[in-house]
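Architecture and fold: a report
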Amino acid sequence: LIVGASAGSSGPPTFDLGGFNQTVATLSGSGGTYPAVIRNSGGTQSTLTLNPSAAGNFPGTIQGDVKLVVGGTSPQTLSGDNVYLGDTTINTGGNLMISDAGELQFYPTTNGVTNSVGGTGTLQYDGTLRIEMSSIDPTPGNTWTLVNVGSLASATFGSTFAVAGSIGTFTETVLNSGIWKLVDSGLEWTFTESTGELSVATYVANPFNIWIGTS
């Protein structure tokens, strides 16, 4: 499926699922002034299934109430700012890559409830993991599995991987530690690459921080 502009058109080229499910092979599109859009304007969730037999890159945006399923025998890359609401499932043998320019957005709400990436295939995550936190329950001790590392055949977070929240940017505690933290309003938010989990706890300041900062 190629979602791209045609001659004489203006605005983003758009493929609307309209509440229906769709299965295609490789997903690709055009960049430029108006990146391609895949959306669902229907009243029910749509499932978009990709089964690439040749490597493909989609630089546009998938948005709305869409669930993404990736299978096939070749890598599928997403390199746009993807804000779809549903889960992402990578089937056995499937390979999903989030490029360094790409993003996936997650929407955690009550304890443990969120869209997520899972399945039994492989994930290469080089872009941004973005967390929309406007509806999250900040009770200390809550956790959300954003990337089901335990179920996937492999999940690799590359050197350009980053974590961003709608209330601020996470910082990796130590380079290559795979532990990302954000402190806000007395709470400490943590994303851990080894488990794929986001957690929240009451922030407790390190008593040596002042000494470390002046040494």
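Reference entry: report on the structure contained in this document.

Description of the pairing of strand E24 (residues 187-192)
Among the 6 residues in E24, 6 count as buried, and that is most of the element. On E24, burial covers both faces: Leu187, Trp189 and Phe191 on one face and Glu188, Thr190 and Thr192 on the other are all buried. The hairpin turn running from strand E23 (residues 179-184) into E24, its antiparallel successor, is 2 residues long, and Ser185 in that turn takes a positive phi close to 50°. Note: E24 against strand E25 (residues 197-202), 6 bridges, orientation antiparallel. Within E25, the residue paired with Glu188 across the bridge is Ala201. Taking the residues that link successive antiparallel strands as the turn, the E24-E25 hairpin has 4 residues, and the phi of Gly196 there is positive, at about 75°.

Here we look at the layout of surface pockets
Here the largest pocket defines a volume of roughly 160 Å³. Around the largest pocket, the lining residues are Phe157, Gly158, Ser159, Phe161, Glu172, Leu175, Asn176, Ser177, Gly178, Trp180 and Glu193. When grouped by side-chain class, the residues that make up the lining of the largest pocket number 4 nonpolar, 5 polar and 2 charged.

Points about the pattern of salt bridges
According to the stated counting rule, one finds 3 salt bridges in the structure shown. With a closest N to O distance of 3.3 Å, Arg39 and Asp16 form a salt bridge. Highlighted residues: Arg39 in strand E5 (residues 37-39) and Asp16 in strand E2 (residues 14-16), separated in sequence by 23 residues. Judged by relative accessible area, which is 37%, Arg39 ranks as partly exposed. Overall, the relative accessible area of 30% leaves Asp16 in the partly exposed class. With its nearest N and O atoms 2.8 Å apart, the salt bridge here joins Glu103 to Arg130. Taken together, the residues Glu103 in strand E14 (residues 103-106) and Arg130 in strand E17 (residues 128-131) connect sequence positions 27 residues apart.

Rules and cut-offs
Residues numbered from 1 in each chain as written. Predicted model: local features only at pLDDT ≥ 70, side-chain atom pairs only at ≥ 80, totals over all residues. Heavy atoms only, no water. Buried < 20%, exposed > 50% of the residue type's maximum accessible area, 1.4 Å probe, protein only. Helix = DSSP H or I, 4+ residues; strand = E, 2+ residues; numbered from the N terminus. Pairing = 2+ DSSP bridges. 1 Å grid on protein atoms, 1.4 Å probe; cavity = no way out; pocket = protein on both sides within 12 Å on 5 of 7 lines; lining within 4 Å. Points joined across faces, edges and corners; volume = space filled by probe spheres on them. Nonpolar A, V, L, I, M, F, W, Y, C, P; charged D, E, K, R; others polar. Salt bridge = Lys/Arg side-chain N within 4 Å of Asp/Glu carboxyl O.

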